[in-house]
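# Notes for the structure review
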Amino acid sequence: VIGTNGKGIDFSANTGDATGLSSEILDDYEEGNYTMTFGGLGGGSMGMNSSKDGLSYTKIGRQVTVMGEISVTSVSGCSGSITFSLPFAVVDIGDLSERATGSFTIQNCDFHDSVKWMTCGTYAGQTTMTVEGAVDNGTWQYLNTNTFGSTTELKVSLTYFSA
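Below you will find a few notes about this structure.

## Examining the pattern of salt bridges
Per the counting criterion, the structure on display carries three salt bridges. Glu69 is the salt-bridge partner of Lys52, the closest N and O atoms lying 3.2 Å from each other. With Lys52 in the loop between β6 (43-48) and β7 (54-60) and Glu69 in strand β8 (residues 63-79), the pair connects residues that are 17 residues apart, well separated along the chain. Lys52 sits in the partly exposed class, given a relative accessible area of 26%. Taking relative accessible area as the criterion, Glu69 reaches 24% and is therefore assigned partly exposed. One salt bridge in this structure joins Lys52 and Glu153, with 3.8 Å as the shortest N-O distance.

Printed below as a string of structure tokens:
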């Protein structure tokens, strides 16, 4: 490990380089919290518990991990698929390898009985994550805002790549 004059850590002394290697400099570290926002609402509004409306994040190089718990306190006339904000945009690598999935749990929600499991995921160039569920017939269903109630709680952990 070699220092790079305040610009990162140079790992180039490693001799086990993989095909497609583009850098061996670790040049960015950041951690903090951000207030998560809902998007994709087809109408209506949602209130959140001010002590459970943020997610923590850690960014090491271009790898970002977000995690935390969100608590809804009110729902008014919501419709449409929902998205949750991310602290950094998802990188567009161009071969779908930028897609990532994470763990997601939800309680006090009226999601359809045919949903067998749920996950959160990302798409290139987006600053949001979606929540998807696999249903009985093998297809996917996005989390819809009309399933939320005033006591819905969500927990999420997602790791993805940013630019």
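## Describing the packing of aromatic side chains
In total, this model carries five aromatic pairs according to the counting rule given. An angle of 80° between the planes, with centres 6.2 Å apart, marks the rings of Phe38 and Phe148 as edge-to-face. Here Phe38 is found in strand β5 (residues 38-39), whereas its partner Phe148 is found in strand β14 (residues 148-161), with 110 residues between them in sequence. By relative accessible area, which is 16% here, Phe38 ends up buried. Across the ring face of Phe88, the terminal group of Lys59 is positioned such that the distance to the ring centre comes to 5.5 Å. Sitting over the face of the ring of Phe161, Arg62 holds its NZ or CZ atom 4.3 Å from the ring centroid.

## Examining the side chain of Ser85
Examined against the element boundaries, Ser85 turns out to sit in strand β9 (residues 83-85). Look at Ser85 and you get buried, because its relative accessible area is 12%. A polar contact is formed between the side chain of Ser85 and the backbone nitrogen of Thr37, at a distance of 2.9 Å. The residues touching Ser85, leaving out its near neighbours within four places in the chain, are Tyr34, Thr35, Met36, Thr37, Thr127, Thr128 and Met129.

## A look at a nonpolar patch on the surface
A contiguous nonpolar patch, built from Ile9, Leu26, Tyr29 and Ile60 and spanning about 340 Å² of accessible area, is present on the exposed surface. Structurally, Ile9 can be placed in strand β2 (residues 9-10). Assessed through its relative accessible area of 33%, Ile9 is described here as partly exposed.

Calculation rules
Residues numbered from 1 in each chain as written. Predicted model: local features only at pLDDT ≥ 70, side-chain atom pairs only at ≥ 80, totals over all residues. Heavy atoms only, no water. Salt bridge = Lys/Arg side-chain N within 4 Å of Asp/Glu carboxyl O. Helix = DSSP H or I, 4+ residues; strand = E, 2+ residues; numbered from the N terminus. Buried < 20%, exposed > 50% of the residue type's maximum accessible area, 1.4 Å probe, protein only. Phe/Tyr/Trp six-rings, centres within 6.5 Å; stacked < 30°, edge-to-face > 60°. Lys NZ or Arg CZ within 6 Å of the ring centre and 35° of its normal. Polar contact = N/O pair within 3.5 Å; in protein donor to acceptor, adjacent residues only side chain to side chain. Contact = heavy atoms within 4.5 Å. Patch = residues over 30% accessible without salt bridge, like charges linked within 9 Å, V, L, I, M, F, W, Y side chains within 5 Å. Areas by Shrake-Rupley, 256 points an atom, 1.4 Å probe, with all protein chains shown as cover.

Shape descriptors only; they carry no functional weight alone.
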